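Tertiary structure, described
Spelled out, the chains give:
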Amino acid sequence: MAFPQKGALKEGRTIVFADQSGFYLLPGVVRTYAPVGKTPILKEHLSRDHLSAMSAITLEGKLYMTEQERAFKGEDVVRFLKHLLRQIPGKLLLIWDGSPIHRGGAVKDFLASGASWQLKLEQLPGYAPDLNPDEGVWKHLKCVELKNLCCENLAQLKIELRKAKERLRHKRDVILGCIRQPGFEV
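Nothing here was measured: the structure is a model prediction, and the numbers come from that model.

**Thoughts on the overall build of the protein**
Counting secondary structure elements, the protein contains seven helices and five strands. Its C-alpha atoms give the protein a radius of gyration of 18 Å, within 12% of the compact-globule value 16 Å for 186 residues. The principal-axis extent of the C-alpha atoms belonging to the protein is close to 60 × 30 × 30 Å. Considering only contacts within the protein whose residues lie at least 6 apart along the sequence, 73% involve residues at least 24 apart. With an accessible surface of roughly 10800 Å², the protein has 54% of that area assigned to carbon and sulfur atoms. For the protein, the distance from the average position of its 29 positive side-chain charges to the average position of its 21 negative side-chain charges is 2 Å.

**Let's talk about the sheet that holds strand E1 (residues 14–24)**
With respect to topology, five strands assemble into an open sheet ordered E3-E2-E1-E4-E5, the strand pairing being mixed. Strands with a single pairing partner mark the edges of an open sheet, and in this sheet they are strand E3 (63–68) and strand E5 (119–123). Geometrically, the sheet is characterised by an average inter-axis angle of 25 degrees between neighbouring strands, direction not taken into account. Looking at chain direction, E1 and strand E4 (residues 92–96) are connected through four bridges and run parallel. Within E4, the position partnered with Ile15 by the bridge is Leu93. Relative to the sheet, helix H2 (residues 74–87) contacts E1, strand E2 (50–58), E3, E4 and E5, its axis offset from that of E3 by approximately 150 degrees.

**Remarks on the packing of aromatic side chains**
Under the defined criterion, the tally for this structure stands at one aromatic pair. With a centroid separation of 5.7 Å and an interplanar angle of 65 degrees, the aromatic rings of Phe23 and Trp138 are classed as edge-to-face. Taken together, the residues span a long stretch of sequence, with Phe23 in strand E1 and Trp138 in helix H5 (residues 134–145) at a distance of 115 residues. Grouping residues by exposure puts Phe23 and Trp138 together as buried. Over the ring of Phe23 we find Lys142, and its NZ or CZ is 5.1 Å from the ring centre.

How each quantity is defined
- Residues numbered from 1 in each chain as written.
- Predicted model: local features only at pLDDT ≥ 70, side-chain atom pairs only at ≥ 80, totals over all residues.
- Heavy atoms only, no water.
- Helix = DSSP H or I, 4+ residues; strand = E, 2+ residues; numbered from the N terminus.
- Rg over C-alpha atoms; globule rule 2.2 N^0.38 Å.
- Contact = heavy atoms within 4.5 Å.
- Areas by Shrake-Rupley, 256 points an atom, 1.4 Å probe, with all protein chains shown as cover.
- Lys, Arg positive; Asp, Glu negative; His and termini not counted.
- Charge placed at Lys NZ, Arg CZ, Asp CG, Glu CD.
- Pairing = 2+ DSSP bridges.
- Axes fitted to C-alpha atoms, helices over the stretch in contact; angles between N-to-C directions.
- Phe/Tyr/Trp six-rings, centres within 6.5 Å; stacked < 30°, edge-to-face > 60°.
- Buried < 20%, exposed > 50% of the residue type's maximum accessible area, 1.4 Å probe, protein only.
- Lys NZ or Arg CZ within 6 Å of the ring centre and 35° of its normal.

In structure tokens:
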């Protein structure tokens, strides 16, 4: 991974790591404290409804994220890439996994339409989620910010996810820790 990082710095590109995840109405149960003999009870509705989220983090510790109530398609990825290009000045090197939506026609068409001068895409090796620092963002959101959370519906989950995202944005040290974990230099 050192070669793309050195090349990006040489070209003056901002390095960005991106990934997607899902957030379900079922709570992510995490150990908690309770009085002795009083087991906490979480009440939830069994449902497969979920929010799909896509995020990106930079080596400076900035977090960008979007969510929607359906699975991501190529067009949604392109919309997120356009958002990143508006928010982050200059050229970008985006590093992500080999998901089919990343390699699809919508992304290829977007790059062919002129975005390739500003945006370079680099794919992580297959089956290596531990190399993507953005995975740490999902783990923090699910296991820390949203632990034991029970939401009645997707609208409430979306509100809670946005609050959690804003809290995480102010924890730059956590984001930088996610980048350091796989061995990247900050």
